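Read off the chains here:
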2 protein chains.
Amino acid sequence: MALNDNTLEAVKDDLLALIAPTSQADDAAPADMPGREAVADRLSEIRSPDIGEVLETLIEEDDALDVAVTTLDILATDRAANVLGYLPGDYQLLIVGTLDDSQVLKLLEEMGSDERADLFNLLDDDRREALLRRMARKEREELKRLASYEEGCAGAIMTSDYVAIASGMTVSQALMRVRQTAPDAETVYQLYVLSNDGELIGTMSLRQLMVARPGAVVDDIMIKDVISAAVDELQEEVARIVARYDLIALPVIDIDNRMVGIVTHDDAMDVVESEATEDIHKGMSIGQLEDGISRVPLWTLYRKRVMWLVLLVFANLFSGAGIAYFEDTIAAQVALVFFLPLLIGSGGNAGAQAATLMVRGMATGDVGGKDWGKLLGRELLVAGSLGLTMAIAVTPIGIMRGGDAVAFIVATSMITIVLFGSLLGMCLPFVLERFKIDPATASAPLVTTLIDASGVVIYFSIATAVLSNVAG
Amino acid sequence: MALNDNTLEAVKDDLLALIAPTSQADDAAPADMPGREAVADRLSEIRSPDIGEVLETLIEEDDALDVAVTTLDILATDRAANVLGYLPGDYQLLIVGTLDDSQVLKLLEEMGSDERADLFNLLDDDRREALLRRMARKEREELKRLASYEEGCAGAIMTSDYVAIASGMTVSQALMRVRQTAPDAETVYQLYVLSNDGELIGTMSLRQLMVARPGAVVDDIMIKDVISAAVDELQEEVARIVARYDLIALPVIDIDNRMVGIVTHDDAMDVVESEATEDIHKGMSIGQLEDGISRVPLWTLYRKRVMWLVLLVFANLFSGAGIAYFEDTIAAQVALVFFLPLLIGSGGNAGAQAATLMVRGMATGDVGGKDWGKLLGRELLVAGSLGLTMAIAVTPIGIMRGGDAVAFIVATSMITIVLFGSLLGMCLPFVLERFKIDPATASAPLVTTLIDASGVVIYFSIATAVLSNVAG
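From a predicted model like this one, the values you see are computed outputs, not experimental measurements. (Residues numbered from 1 in each chain as written. Chains lettered and ligands numbered in written order. Predicted model: local features only at pLDDT ≥ 70, side-chain atom pairs only at ≥ 80, totals over all residues. Heavy atoms only, no water.)

Re the environment of A:I74
Residues and elements named next belong to chain A. On the secondary structure map, I74 appears in helix 4 (residues 65–74). On the basis of relative accessible area, I74 is assigned to the buried category, the value being 14%. For I74 and G365, which are 291 residues apart along the polypeptide, the C-alpha to C-alpha distance reads 48 Å. Setting aside anything within four residues of it in sequence, one finds I74 in contact with I19, R36, V39 and A40. (Helix = DSSP H or I, 4+ residues; strand = E, 2+ residues; numbered from the N terminus. Buried < 20%, exposed > 50% of the residue type's maximum accessible area, 1.4 Å probe, protein only. Contact = heavy atoms within 4.5 Å.)

Put into structure tokens, the structure is as follows:
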């Protein structure tokens, strides 16, 4: 079974009890610590992602960086490297900050090539230089290459630990190669056949390899039409391809069709999760956060939220201008203000719903530009029915508060505003995409603000017309 | 490379050209169709998910169900079954509706056990009975079992096509079993060791098996502490476990610890994607949609949107009541209405941002109940700064429109409303969770509506106090 929060809490308390008292006594060398073996025993039963979470809590809640560092020190280096990879970047930095270069080198060596590059990118220039100087040339160039890709693209999430098979190998040679690479490769279940120039010319699954005749040449059994991604492909597109074709790993190639790495299914899944978070935040006009909400710096959080909020303050002035224009109508019938938040709020809600349905549909590929006409017709019907239902709900209140004329104004305004708001919310993402702007910019706050302003004008126009008729 | 939209469009046009004219001539038997071989050739170059998309477009846009059916008929049965699995449920039903029982049986037989159960669940009772009668007993019971699990739980997304190894087998026997099961199993890369009673007692990866000594007994090399899920575990939890431990597949067990299936990484990824969609929709108070926005029935779309919209109409009456209460203040200074949408809109936007950040943080596991205090402090600082910035932005407009007193009222109200709204938005998800209500119920429309009402009261209270002071 997966561990639950209580178990993790217990492990944390154990670690604190076993390590903390000793580490506070300066004279005791860590190796002599009485708890060392007990800690090793305790940790041997726990999986790396769970140890990672325990260490994260130790640093975050108990301010016990020293305990976290000692725990890593007690683990075997490959396990410690693995656990380190599960920690958020800033905590990796904190831990690495307490270690000397040779300790860091050992950890880096045991990390997956993608996580090694990520950590390396976080280090300051001096430390990077110092570490690079102590690496073998091949290792150094590999690391520099992986660390050089821009965040958010295939190159930045790929690993170079894949199983490459040389063109011309036999099935039994390839199987031997799999056995040799097994400990280091991220996955051995999908194999890639490379030409002498390193070009990706075919792929096969381990499953295919295992049922093939041992003497057969891999070139005869491989699939030549390989699904791959360019090294600068966006990570969300990479994840989409992995999901669409149910891949275990997607090979990544450079512009010369040379294979440079693979993106594994688990990394693609992380992308799906983080892209969903980004989309959800965008839907509320919040900029992209690099880290969890509880760890991201306050200044960043402020910056990511403030821009649109202030822009929308000014956009909201249009609502105010609308109200100012109709000040006479309002002064004549102050009861109308009673329904103002209700009407513009309802329009905003319906419009935000419509926009969200479209934006998500476009993000998952369910909705394309060509569906626009069909969806417009559907939204007309649905929004019309919604407006009608809401108008019926609000009519008795209109009668109660202001009589028949006000009830009529409010009901008519409700239908019009909900219909207009929904169509605006639905169309805006398509319009934005047309102008090469991310459709997700049609966030709930933006749509709501636009509908607020339109709603004011619609409501008071109808009111002015009806009231002047009644008066006449 | 993955196929792009243009290629798929070309394939569709080819299919229409090759099949459509002949299928319109009633006297020509499909087997004599001149295009049959050409179609088979064309399709042999295309992957199943892509053929699935082409067929979907054929049915959706070209109303050419007959062409889609003929295309499936031309494919080999196993390929046809595979393609069928990529179609949305209602289209699978349409296609199956044109086939006789023996054709459907053949297709069902070749489908993955999970997709077979899904399709079976969509058929009407008569058809189900007719099909079950023609199945072998073992097959029938397997299908009935898989079809019986409630949607949204592990049982409903698992497959029974996994590789089971009997306790006591040697490594070479296990490898032989892998080779035999390879064509049928969903994955052969993770193996499960079962006791005589079918209890799950261990697991190992094919990678481990391949490097183990052929004569070793699997019980000695397997991992005994297996991560598994109960058959009634929620699918989002299943996906979380798969993501957390980077699994290729997660075994599913019943209450007696007997193994009943696996959830594979690709199905878990689909869950992450569809749960994200559900969360995004919930964030706008839209109920769960079973299908894409362009295919879901209009009546469903109406129902899923209307409930909260009408509820919020009534919630909005509180804003109205607030306004009615302050009618004298408004009548005395109509210019105040100018800033009403701006102030309550800004509070709503900031509050919706705060709520969304919390809800998503809780959904991804980044934020837990115990983080509440820390996050409250952070939100106080950030929301205070946001309110201050927005107050500064709005002050000049206040001076312009109504003089110093109005500017002071608007600026003070802005800070108070943004601060109050943000804290309300932040706390609501925690409160809901405390009362065992889904935190995602704290949707943008709900939060915005609550803040609208509070904003009205805050704004006009401050206005009344300041204006009476000025007057006094």
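Back to the text.
Looking at the interface of chain B and chain A
Counting residues at the interface gives 123 residues for chain B and 123 residues for chain A. For the interface between chain B and chain A, the tally reads ten salt bridges. The partner of B:R305 in a salt bridge is A:E379, with the nearest N and O atoms 3.0 Å apart. For the pair chain B and chain A, the interface holds 39 residue pairs in polar contact (both at pLDDT 80 or more). (Salt bridge = Lys/Arg side-chain N within 4 Å of Asp/Glu carboxyl O. Polar contact = N/O pair within 3.5 Å; in protein donor to acceptor, adjacent residues only side chain to side chain.)

Overview of the environment of A:L428
All names here are of chain A. Relative to the helices and strands, L428 resides in helix 22 (residues 372–434). The class for L428 is buried, based on a relative accessible area of 17%. As for L428 and S346, which are separated by 82 residues in sequence, their C-alpha atoms are 18 Å apart. Non-local contacts of L428, meaning those with residues more than four positions away in its chain, are made with A442, L446, V447 and L450.

Regarding the relation of the copies chain B and chain A
Expressed as a screw operation, the relation of chain B to chain A combines 0.0 Å of axial shift with a rotation of 180 degrees, fitting to an RMSD of 0.1 Å. Such a combination of rotation and displacement between the chain copies is what one expects of a two-fold axis. (Least-squares fit on C-alpha atoms with pLDDT ≥ 70 in both.)

Some thoughts on the UniProt feature "domain: CBS" (unreviewed entry) in chain A
What UniProt calls "domain: CBS" (unreviewed entry) maps, in this numbering, to residues 158–221 and 222–278 of chain A. The span residues 158–221 of chain A is 33% helical and 23% strand by assignment, and the distance between its end C-alpha atoms comes to 26 Å. (UniProt positions renumbered as here; feature names shortened; annotations may be inferred.)

Section: the domain arrangement of chain A
In many reports, interface size means the accessible area that the parts give up when they come together. Segmenting chain A into domains produces domain 1 (5–151), domain 2 (163–265) and domain 3 (316–471). Put simply, the middle of domain 1 of chain A and the middle of domain 2 of chain A, counted by C-alpha atoms, are 32 Å apart. (Domains from an automatic or database assignment.)

So, the packing of helix 16 (residues 265–282) of chain A against helix 16 (residues 265–282) of chain B
Their axes nearest at 10 Å, the elements helix 16 of chain A and helix 16 of chain B cross at an angle of 5 degrees. When the interaxial angle is binned, helix 16 of chain A and helix 16 of chain B end up roughly parallel. Between helix 16 of chain A and helix 16 of chain B, the residues in contact are A:H265, A:A268, A:M269, A:V272, A:E273, A:A276, A:D279 and A:I280 and B:H265, B:A268, B:M269, B:V272, B:E273, B:A276, B:D279 and B:I280, respectively. Along the lines of polarity and charge, the residues of the contact of helix 16 of chain A with helix 16 of chain B split into ten nonpolar, two polar and four charged. (Axes fitted to C-alpha atoms, helices over the stretch in contact; angles between N-to-C directions. Parallel < 35°, antiparallel > 145°, perpendicular 65-115°, else oblique. Nonpolar A, V, L, I, M, F, W, Y, C, P; charged D, E, K, R; others polar.)

Overview of the confidence of the model for chain A
Looking at chain A as a whole, its pLDDT mean stands at 89, while 95% of the residues score no less than 70. The model gives residues 23–29 of chain A a pLDDT under 50, and that stretch makes two contacts with residues more than four places away or in other chains. (pLDDT = per-residue confidence, 0-100.)

Comments concerning the packing of aromatic side chains
In this structure the tally under the stated criterion is 13 aromatic pairs over all chains. Judged by centre distance (5.0 Å) and plane angle (85 degrees), the rings of A:Y325 and A:F326 are edge-to-face. Take A:Y325: its relative accessible area is 69%, and that puts it in the exposed class. A relative accessible area of 9% places A:F326 in the buried class. With a centroid separation of 6.2 Å and 85 degrees between ring planes, the pair formed by B:Y162 and B:Y192 is classed as edge-to-face. Here B:Y162, found in the loop between helix 11 (154–157) and strand 1 (163–166), pairs with B:Y192, found in strand 2 (residues 190–194); they are 30 residues apart in sequence, far enough to count as distant. For B:Y162, a relative accessible area of 14% translates into the label buried. (Phe/Tyr/Trp six-rings, centres within 6.5 Å; stacked < 30°, edge-to-face > 60°.)

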